[in-house]
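Coordinates in review
Listed below, chain by chain, are the residues.
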Amino acid sequence: MLDFMTSAHQSFSSVKEGANASYIPFLASVPSDLFGIAIAFTNGEVLEVGDTKYEFAIESISKVFTLARVLEELGKEEFKAKIGSNATGEPFNSVIALELHKEHPYNPFDNAGAIATVSLLNAKSSDDRWNQIISTYNLFAGRELAVNNEVYQSESDTNAHNRGISWLLKNSGNMYTDPDQACDVYTRQCSVAITCRDLAIMGGTIANGGINPVTKKQVVSQENIQPILAEMMMNGLYENTGNWLYSTGLPGKSGVGGGILAVVPGKCALAVFAPPLDIHGNSVKGQKVGAFLSEKLGWSLFNK
Ligand SMILES: NC(=O)CC[C@H](N)C(=O)O
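In this text, all values refer to a predicted model and were calculated from it rather than measured experimentally. (Residues numbered from 1 in each chain as written. Predicted model: local features only at pLDDT ≥ 70, side-chain atom pairs only at ≥ 80, totals over all residues. Heavy atoms only, no water.)

Now for the sheet that holds strand 4 (residues 146–147). Read across the sheet, 3 strands follow the order 3-5-4 without closing on themselves; strand pairing throughout is antiparallel. In this open sheet, the two edge strands, each paired with only one partner strand, are strand 3 (56–57) and strand 4. Where strand 3 and strand 5 (residues 192–194) come together, 2 bridges link them in antiparallel fashion. Note on strand 5: the bridge partner recorded for alanine 57 is alanine 193. (Pairing = 2+ DSSP bridges. Helix = DSSP H or I, 4+ residues; strand = E, 2+ residues; numbered from the N terminus.)

Listed below in structure tokens is the structure:
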């Protein structure tokens, strides 16, 4: 296993395609050649190659773990009715997608649906909303995570588009708290710093039926694993999800911080960190590693 990971790292470290996200200024300053690969198995073993200790911004991968928390609170049917489980086929921050669907979010991974998902948490205050989210992430990672304040500042200074989306949701009755509060908590969740190892363990918890494979704590109930994986399968890499699925056969999730997660249910989770992105916001090397390892290790869910 480690041999395949090392060979993926060696083969793809020279790939020059893609570029760091720059619409969030901080992300443009992250060294582009950082490259880590980690796999967490359901038995608690974790294998790592490359820059797996470097802390990067979780960005949109956070949407998976907020989804888990809200599913626990609402149940999957109410969640599906309020947010949805279909792809828009548009970029993750598309306003056109909202306009086309009467300002109703379509799924929890596009920004509109993600911000609405944050707003659905039953919380007394902004701090309470945030504490519910970060405590959930901590359980998934098996350690205390923290916001990278430089990322948070950089995103807060440049998130007018997401604030606009929040107010459109308010306009159509699909925002369940103050829109600016929901957007701020969403911005904070995207700024949480994680390592590649953390991400593998967070995904490993999903692969392990909701039980963190390292701490052995139940973080999300088994019945909510299917809706989480369905959302990842359907829109985890936005408009490139079909191509990802074609080559990996696995549910995945990307973030513009350069992280990518793939879940092999019952077996393990793969986390890759490499900042240069394709035009849809997905790590280029991450997608290559996913395709390579899935093929070598027979991970595809469609090859049984
Ligand atoms: N795809 C992403 O990772 C986007 C997350 C980013 N914080 C945004 O809202 O634009």
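Text resumes after the structure shown.
Turning our attention to the site of the ligand. Around the ligand, a shell composed of Tyr23, Glu59, Ser60, Phe92, Asn111, Glu155, Asn162, Tyr186, Cys190, Tyr238, Gly255 and Val256 is seen. Measuring from an oxygen atom of the ligand, one finds a side-chain N or O atom of serine 60 at 2.7 Å. Here an oxygen atom of the ligand sits 3.1 Å away from a polar atom, N or O, in the side chain of asparagine 111. For the ligand, whose accessible area on its own is 300 Å², the fraction buried by protein is 98%. When residues of the shell around the ligand are assigned to domains, at least three fall in each of domain 1 (2–51 + 196–296) and domain 2 (60–190). (Near = heavy atom within 4 Å. Polar contact = N/O pair within 3.5 Å; in protein donor to acceptor, adjacent residues only side chain to side chain. Areas by Shrake-Rupley, 256 points an atom, 1.4 Å probe, with all protein chains shown as cover. Domains from an automatic or database assignment.)

The domains assigned to the protein are domain 1 (2–51 + 196–296) and domain 2 (60–190). The distance between the C-alpha centroids of domain 1 and domain 2 comes to 20 Å. Each partner contributes to the interface: domain 1 provides 35 residues, whereas domain 2 provides 37 residues. Across the domain 1 to domain 2 interface the summed buried area is about 3,000 Å²; carbon plus sulfur atoms make up 69%. On the domain 1 side of the contact with domain 2, Phe26, Met202 and Glu231 bury the most area, a combined 21% of that side's loss. The interface formed by domain 1 and domain 2 contains 1 salt bridge. Between arginine 143 and aspartate 198 there is a salt bridge whose closest N-O contact spans 2.7 Å. The interface formed by domain 1 and domain 2 contains 12 residue pairs in polar contact (both at pLDDT 80 or more). Listed by contribution, the elements that provide at least two residues to the side of domain 1 that touches domain 2 are helix 2 (25–28), helix 11 (196–207), helix 12 (225–235), strand 6 (252–254) and strand 7 (259–264). Of the residues in the side of domain 1 that touches domain 2, the class split is 18 nonpolar, 11 polar and 6 charged. (Contact = heavy atoms within 4.5 Å. Buried area = accessible area lost by both parts, 1.4 Å probe. Salt bridge = Lys/Arg side-chain N within 4 Å of Asp/Glu carboxyl O. Nonpolar A, V, L, I, M, F, W, Y, C, P; charged D, E, K, R; others polar.)

For strand 8 (residues 268–273), a buried count of 6 out of 6 residues is recorded, marking the element as mostly surrounded by other parts of the structure. In this structure, strand 1 (residues 36–41) lies alongside strand 8, joined through 6 bridges in antiparallel fashion. The residue of strand 8 that forms the bridge with phenylalanine 41 is cysteine 268. Linking strand 7 back to strand 8 in an antiparallel pair, the connection comprises 3 residues, with glycine 266 at a positive phi of about 80 degrees. (Buried < 20%, exposed > 50% of the residue type's maximum accessible area, 1.4 Å probe, protein only.)

With that out of the way, let us pick up the pairing of strand 2 (residues 46–50). The pairing of strand 1 with strand 2 spans 5 bridges and is antiparallel. Note that in strand 2 the partner of isoleucine 37 across the bridge is valine 49. Counted between consecutive antiparallel strands, the loop separating strand 1 from strand 2 contains 4 residues, among which glycine 44 sits at a positive phi close to 95 degrees.

Owing to its 3.6 residues per turn, the α-helix brings residues three or four apart onto one side. With 14 residues, helix 14 (residues 284–297) ought to run about 20 Å at 1.5 Å a step, and its terminal C-alpha atoms sit 20 Å apart, in line with that. Here helix 14 has its buried residues at Val284, Lys285, Gly286, Gln287, Val289, Gly290, Phe292, Leu293 and Ser294. If you follow the buried residues of helix 14, they end up packed against helix 1 (2–12), strand 1, helix 13 (241–248), strand 7 and strand 8. For helix 14, the N-terminal cap is serine 283; the gap from its side-chain oxygen to the backbone nitrogen of glycine 286 is 3.0 Å. (Expected span 1.5 Å × (residues − 1).)

For glutamate 223, the position within the fold is in the loop between helix 11 and helix 12. Given a relative accessible area of 56%, glutamate 223 falls into the exposed group. Taking the C-alpha atoms as reference points, glutamate 223 and glycine 210, 13 residues apart in sequence, are found 9.0 Å from one another.

One can describe the packing of helix 6 (residues 111–120) onto helix 10 (residues 179–190) by two numbers: an axis separation of 9 Å at closest approach and a directional angle of 105 degrees. Here helix 6 lies roughly perpendicular to helix 10, going by the angle between them. Taking contact as the criterion, the partners of Asn111, Ala114, Ile115, Val118 and Ser119 in helix 6 are, on helix 10, Ala182, Cys183, Val185, Tyr186 and Gln189. Residues that form the contact of helix 6 with helix 10 fall into these classes: 7 nonpolar, 3 polar and no charged. (Axes fitted to C-alpha atoms, helices over the stretch in contact; angles between N-to-C directions. Parallel < 35°, antiparallel > 145°, perpendicular 65-115°, else oblique.)

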